[in-house]
Amino acid sequence: MKTAQIVALLTLLTLMSACNTDKKKSAHNGGLKEVFKPEIIGQANEVLIVIGEAAKRDTCGGYLRYMLSDTFVGLPTDEPVFDIHTVPAGYFDQQMRRHRNLIIVNVADTVSTDTIRYFRDVWARPQAVINMSARDQASLPAIMKRHHNKIISFFHRAERERLMSYYKRINSAAHTKEIMDRYGVKLLIPNQFERCKPRNKNAMSWYMCDTKEFQDGLFVYTTPYTGEQSMSKESLIALRDSMLRANVAGPDDAPMCTETRMGLDEIDYKFGRGLHNGLDVAEVRGLWRLDGYAMGGPFVMRAIHDTIGNRIIITDGYVYYPAREHKRNHIRQLEAIMHSLSLFPQENTDDK
């Protein structure tokens, strides 16, 4: 067996041992004792891949790069879903083990069954770790193809949960109370966001983080649920466009609108049943612009069907960042705010 494979296998055994030890220690004294683990390192939306040179150059490494560097949907310029870095197993040291998102690839002839396993908080907190094991390199692409969506969702959710945990600490109590009083829902809005005034204050709520470099904005509004058609792509885009044109304006009073000049096919739409505490969710991603003015950027809209209130609750986030191409992280930060929404008195906001 090659040295790199031996090291990779030992890494896998260490990982499993760490998980088991952590569970045993946590169970001490009725589960009251918590094992100390350091904080994670690494930049947001960054994945560190621990992989041998042969596997890196082969189909395995190619598929990992293809999967993790796929284009993030709904941005004006191409940006990857995740930023990736690779390191040989022999260089995977104590410091690197603290990385926020890890994929450990283990290829060894002693592996009896090809597997992929998911772990949290192995060497640091809050950490997400995936371990792939296979007898030979040819088996790995098939494993990754079967788990493609789950791998992306695992890291995406880990990043979102980190942001939501942070937002709980810097949440604006005033904004939360205002949203609760007006819509009967709870939403974590960071205190960096200031309350803005739409033209019709009764039509929507508007919060914005405005700096010299960028502007992140969030709209909250509701509309009656009139059947499945009201959650369709066409209906939601028409609603969004009419709400923004009537209530949000930029320089020279130019109204904000949804970019639809290239057709609705350019706008991404997803619908899922029971995705938010058992409620149906529709998600729309695309571009916004100021009508007749050279300003625009990406947006993400999330619509939840409130069955008790017979309404659709909409959170709608947008980014204006003209000086840089990198807008992905800003959209993900807005997504974390939107996913924190809970219909009172429900407190569990984790999507399935």
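Everything numeric here is computed off the predicted structure, so don't read it as measured data.

Some words on the sheet that holds strand 5 (residues 128-134)
- Spatially, 2-1-3-5-4 is the arrangement adopted by the five strands of the open sheet, whose pairing is mixed. One side of each edge strand has no neighbouring strand; the edge strands of this open sheet are strand 2 (83-87) and strand 4 (115-120). Going across the sheet, the axis of each strand differs from the next one's by a mean of 20 degrees, ignoring polarity.
- Looking at chain direction, strand 3 (residues 101-107) and strand 5 are connected through seven bridges and run parallel. Residue pairing for strand 5: Val 105 is matched across the bridge by Met 132.
- Taken strand by strand, helix 3 (residues 59-68) contacts strand 1 (46-50), strand 2, strand 3 and strand 5, and its axis lies near 160 degrees from that of strand 3.

Focus on the packing of aromatic side chains
- Enumeration over the complete set of coordinates arrives at eleven aromatic pairs.
- Centroid distance Trp 206 to Phe 219: 5.6 Å. Interplanar angle 50 degrees. Geometry classified as tilted. Remark: Phe 219 occurs in strand 9 (residues 215-224) and Trp 206 occurs in strand 8 (residues 205-210); sequence separation between them is 13 residues.
- Its relative accessible area of 10% is what places Trp 206 among the buried residues.
- One aromatic cluster in this structure is built from Trp 206, Phe 219, Trp 288, Tyr 318 and Tyr 320.
- For Arg 240, the ring lying beneath its charged end belongs to Phe 299, and the centroid distance is 3.7 Å.
- Across from the ring centre of Phe 82, 4.7 Å away, lies the NZ or CZ of Arg 332, which sits over that ring.

As for the nonpolar core
- In terms of nonpolar packing, the biggest core is built from 31 residues, with Ile 179, Leu 187, Ile 189 and Ile 337 touching the most fellow members.
- For this core, the secondary-structure elements that each account for two or more residues are helix 5 (148-169), helix 6 (173-183), strand 8, strand 9, strand 12 (279-290), strand 13 (293-306), strand 14 (311-320) and helix 8 (328-339).
- Ignoring anything within four residues of it in the chain, the contact list for Ile 179 reads Gly 184, Val 185, Leu 187, Ile 189, Ser 205, Tyr 207 and Val 220.
- In this structure, Phe 219, Val 248, Met 301 and Ala 303 belong to the second largest nonpolar core, which totals 29 residues.

Comments concerning the environment of Trp 206
- Sequence separation between Trp 206 and Asp 316 is 110 residues, and the spatial gap between their C-alpha atoms is 9.4 Å.
- If we ignore the near neighbours within four places in the chain, the residues touching Trp 206 are Glu 194, Arg 195, Cys 196, Lys 197, Pro 198, Leu 218, Phe 219, Val 248 and Tyr 318.
- At a separation of 3.4 Å, a polar atom in the side chain of Trp 206 contacts the side chain of Tyr 318.

Let's talk about the confidence of the model for the protein chain
- A residue-level look at the protein chain finds 88% of positions with pLDDT of 70 or above and a mean pLDDT of 88.
- Across residues 1-10 the pLDDT falls below 50, and counting only partners more than four positions away or on other chains, this stretch makes 14 contacts in the model.
- The low-confidence segment residues 16-29 (pLDDT under 50) makes 16 contacts with residues lying over four places distant or belonging to another chain.

Some details on helix 8
- An ideal rise of 1.5 Å per residue puts 16 Å on twelve residues; helix 8 measures up with 16 Å between its terminal C-alpha atoms.
- For helix 8, the tally of buried residues reaches ten of twelve residues, placing the bulk of the element in the interior.

Concerning the packing of helix 5 against helix 8
- Interaxial distance between helix 5 and helix 8 falls to 9 Å at its minimum, and their mutual angle equals 70 degrees. Our classification of the angle between helix 5 and helix 8 gives roughly perpendicular. Contact with helix 5, carried on its side by His 156, Arg 160, Leu 163, Met 164 and Tyr 167, involves Arg 332, Gln 333, Glu 335, Ala 336, Ile 337 and His 339 of helix 8 and no other residues of that element.

Details of helix 7 (residues 233-247)
- Counted at 1.5 Å a residue, the expected span for helix 7 with its 15 residues is 21 Å, and the 21 Å between its end C-alpha atoms agrees.
- Residues Lys 233, Leu 236, Ile 237, Leu 239, Arg 240, Asp 241, Met 243, Leu 244 and Asn 247 constitute the buried set of helix 7.
- Contact partners of the buried residues in helix 7: strand 9, strand 10 (256-258), strand 11 (268-276), strand 12, strand 13 and strand 14.

Rules behind the numbers
Residues numbered from 1 in each chain as written. Predicted model: local features only at pLDDT ≥ 70, side-chain atom pairs only at ≥ 80, totals over all residues. Heavy atoms only, no water. Pairing = 2+ DSSP bridges. Helix = DSSP H or I, 4+ residues; strand = E, 2+ residues; numbered from the N terminus. Axes fitted to C-alpha atoms, helices over the stretch in contact; angles between N-to-C directions. Contact = heavy atoms within 4.5 Å. Phe/Tyr/Trp six-rings, centres within 6.5 Å; stacked < 30°, edge-to-face > 60°. Buried < 20%, exposed > 50% of the residue type's maximum accessible area, 1.4 Å probe, protein only. Lys NZ or Arg CZ within 6 Å of the ring centre and 35° of its normal. Core = buried A, V, L, I, M, F, W, Y, C linked by side-chain atoms within 4.5 Å. Polar contact = N/O pair within 3.5 Å; in protein donor to acceptor, adjacent residues only side chain to side chain. pLDDT = per-residue confidence, 0-100. Expected span 1.5 Å × (residues − 1). Parallel < 35°, antiparallel > 145°, perpendicular 65-115°, else oblique.

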